[in-house]
Structures are given as C-alpha cells and as structure tokens.
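Examination of the molecular architecture
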Amino acid sequence: MPRIRAATIEEHHEMVWADLTEAVRRLLLERDYDSITMGHIATEAGLARNTLYNYAADKKTLVLELARRASRPLAEQVSAIAARSRQPAAERLREIIEVILAGSTNHAMRLMFLPSAGPLVADLPDGHDNPFTALVVEVEKVVRDGIAGGEFRDVDDVQLTVELLSGAMRAGCDRISRDPASLAATVRAAQRITLASIGIDTGIDAAKGVTTHDNGVVTTAKDG
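Residues numbered from 1 in each chain as written. Predicted model: local features only at pLDDT ≥ 70, side-chain atom pairs only at ≥ 80, totals over all residues. Heavy atoms only, no water.

**Considerations on a negative patch on the surface**
- A surface patch of negative charge is lined by Asp-154, Asp-156, Asp-157 and Glu-163.
- Relative to the assigned elements, Asp-156 resides in the loop between helix H8 (133-148) and helix H9 (158-178).
- Judged by its relative accessible area of 83%, Asp-156 falls in the exposed class. (Patch = residues over 30% accessible without salt bridge, like charges linked within 9 Å, V, L, I, M, F, W, Y side chains within 5 Å. Areas by Shrake-Rupley, 256 points an atom, 1.4 Å probe, with all protein chains shown as cover. Salt bridge = Lys/Arg side-chain N within 4 Å of Asp/Glu carboxyl O. Lys, Arg positive; Asp, Glu negative; His and termini not counted. Charge placed at Lys NZ, Arg CZ, Asp CG, Glu CD. Helix = DSSP H or I, 4+ residues; strand = E, 2+ residues; numbered from the N terminus. Buried < 20%, exposed > 50% of the residue type's maximum accessible area, 1.4 Å probe, protein only.)

Written out as structure tokens, the structure is:
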C-alpha cells in the first residue's frame, strides 16, 4: 500500500493529482504529447506505475480528469456570475471574461495552453463530456439574456457566435500562459472585442476615447 503523505486520504489524493499535473506539464515542455506514456508520467510524478493506474486506466482518461479538475472551480464561478439575472448581461459578460482569463494563470489550467498541448486538448471528448463545455453553455445563457433585454444584437446563431468568441478567449488564455504580466491588458482587449461584436449601444468610452457603433465597429478618437 502506498505511503499516505497527508493527514487524510482526500488530502493525499489532492497532492497526487497536483504532482500528476506538474509531471504532465514538465513532460510537455520536453517532448510531444503523443510520445508521452503512462510510464513517463509515473516516473516524472515519482509514483509506481501500478499506483498511477489507481488514478487513471490510460493517458486519455488521465488527461480528461486533469481537465475536469482544472475547469471545475472555474465553471462554478462562471455559473454563479451567469445566474445573476438582475445584473445587466454586459456586466456579467465582462466579469466572466475576466474570471476565465484570470483562470488561465492557474497551475492546472496553464497545462491546457502550453504550445505543445494541442494534441492533449484534442484528446478531450466533444460535447457535454468536455469539461469546458459548461463554460460555453453559461456564456450562451448570458448572451441570450442580453438579446432578450435589448442589450445585445439579435444574432442569427447564438451558439456559433459564442463558439467564435471562444476562439478569441482561447487566444487570450494562450497569450497569458506565455506572459502572465499581460493579464490586465488581455482582459481589457477581450472585453472590448466581445462587447463590440454583439453590443448594440452607441456610446463613447470617455476614458479611452473609443466609440462603439451600432454595427459593432469600434473606432478611436484619432480615427475621426
């Protein structure tokens, strides 16, 4: 029986999962995902291979569980924000963007945005079995609330619109994972791009000298 490293079994498991996350991260910095084996992961995490198999039967299952553990706290935060139906949808969307991008600085989340992590992410299942689908669903709810309340344009396909905006968010997460100091600037840019894409209000951001037009185009004061 493996030695327990914490006061409780639950704490011990949390420590092992943290070690596994770090082990996969280090391995991805050294080699491509497809060449990594369960043996590599066990060795890097300082576990016996049979102990690793107590946590996951294969690499794909292990990666899925790492993704679930990384996304769970984020999904709970986003769901709580989306549920504030009395709050304007635009405010909720701004906050969700900030929470998601800030989440990319989390140790486990950074694993998903390493340059070599593309095949790892591709190994995750599609649809509702994907741990990150819950984030997209909550954003869709907020966008629909905004449309119903007249804050956002009535786009033809909400799901497609959110999927396209998710691509920009992923680019933002990738940028932050490479340069954590860019978090604040990336959050501001993502908020501006997202709201300009679906907003209908015409107004001037006095602090920035930026005008958002009915067609979603953003111009600065120097553009005239």
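There is more to say, and it comes next.
**Considering the packing of aromatic side chains**
- One pass over the structure, following the stated rule, counts one aromatic pair.
- Each ring, one from Trp-17 and one from Tyr-55, has its centre 5.6 Å from the other, and the planes form 85°; the classification is edge-to-face. Taken together, the residues Trp-17 in helix H1 (residues 9-30) and Tyr-55 in the loop between helix H3 (49-52) and helix H4 (59-82) connect sequence positions 38 residues apart. For the residue pair Trp-17 and Tyr-55, the accessibility class agrees, reading buried in each case. (Phe/Tyr/Trp six-rings, centres within 6.5 Å; stacked < 30°, edge-to-face > 60°.)

**Some points on the layout of surface pockets**
- Quantified by volume, the largest pocket comes out at close to 840 Å³.
- Taken together, 32 residues make up the lining of the largest pocket; nearest its centre are Phe-132, Thr-133, Leu-135, Val-136 and Ser-166.
- Listed by contribution, the elements that provide at least two residues to the lining of the largest pocket are helix H5 (89-103), helix H7 (118-122), H8 and H9.
- In terms of residues, the lining of the largest pocket owes the most to one element, H9, which gives eight residues.
- Broken down by class, the residue content of the lining of the largest pocket amounts to 21 nonpolar, seven polar and four charged. (1 Å grid on protein atoms, 1.4 Å probe; cavity = no way out; pocket = protein on both sides within 12 Å on 5 of 7 lines; lining within 4 Å. Points joined across faces, edges and corners; volume = space filled by probe spheres on them. Nonpolar A, V, L, I, M, F, W, Y, C, P; charged D, E, K, R; others polar.)

**Side note on the nonpolar core**
- Counting 30 residues, the largest nonpolar core has Leu-93, Ile-96, Leu-101, Val-143 and Phe-152 as its most contacted members.
- Elements supplying a minimum of two residues to this core: H4, H5, H8, H9 and helix H10 (183-198).
- Looking at this core, the element that brings in the most residues is H5, giving eight residues.
- Excluding residues within four positions of it along the chain, Val-143 makes contact with Phe-152, Val-158, Val-162 and Ile-198.
- Core analysis: the next-biggest nonpolar cluster, separate from the first, contains 24 residues, Ala-23, Met-38, Leu-47 and Leu-120 among them. (Core = buried A, V, L, I, M, F, W, Y, C linked by side-chain atoms within 4.5 Å. Contact = heavy atoms within 4.5 Å.)

**A short note on the packing of H5 against H9**
- Remark: H5 packs on H9, axes separated minimally by 9 Å, with the N-to-C direction vectors making an angle of 40°. With respect to their mutual orientation, H5 and H9 come out oblique. In this structure, H5 crosses over H9, and the sense of that crossing is right-handed. Packed against H5, whose contacting residues are Ile-97, Ile-100 and Leu-101, the element H9 presents Met-169, Gly-172, Cys-173 and Ile-176 at the interface. (Axes fitted to C-alpha atoms, helices over the stretch in contact; angles between N-to-C directions. Parallel < 35°, antiparallel > 145°, perpendicular 65-115°, else oblique. Left-handed = near helix turned anticlockwise from the far one by under 90°.)

**Focus on the packing of H8 against H9**
- One way to put it is that H8 packs onto H9 with a least axis distance of 10 Å and a crossing angle of 120°. For the element pair H8 / H9, the angle class is oblique. With respect to the hand of their crossing, H8 and H9 are arranged in right-handed fashion. The residues of H9 that touch H8, namely those facing Val-136, Val-139, Glu-140, Val-143, Arg-144 and Ile-147, are Val-158, Gln-159, Val-162 and Ser-166.
- Split by residue class, the contact of H8 with H9 holds six nonpolar, two polar and two charged.

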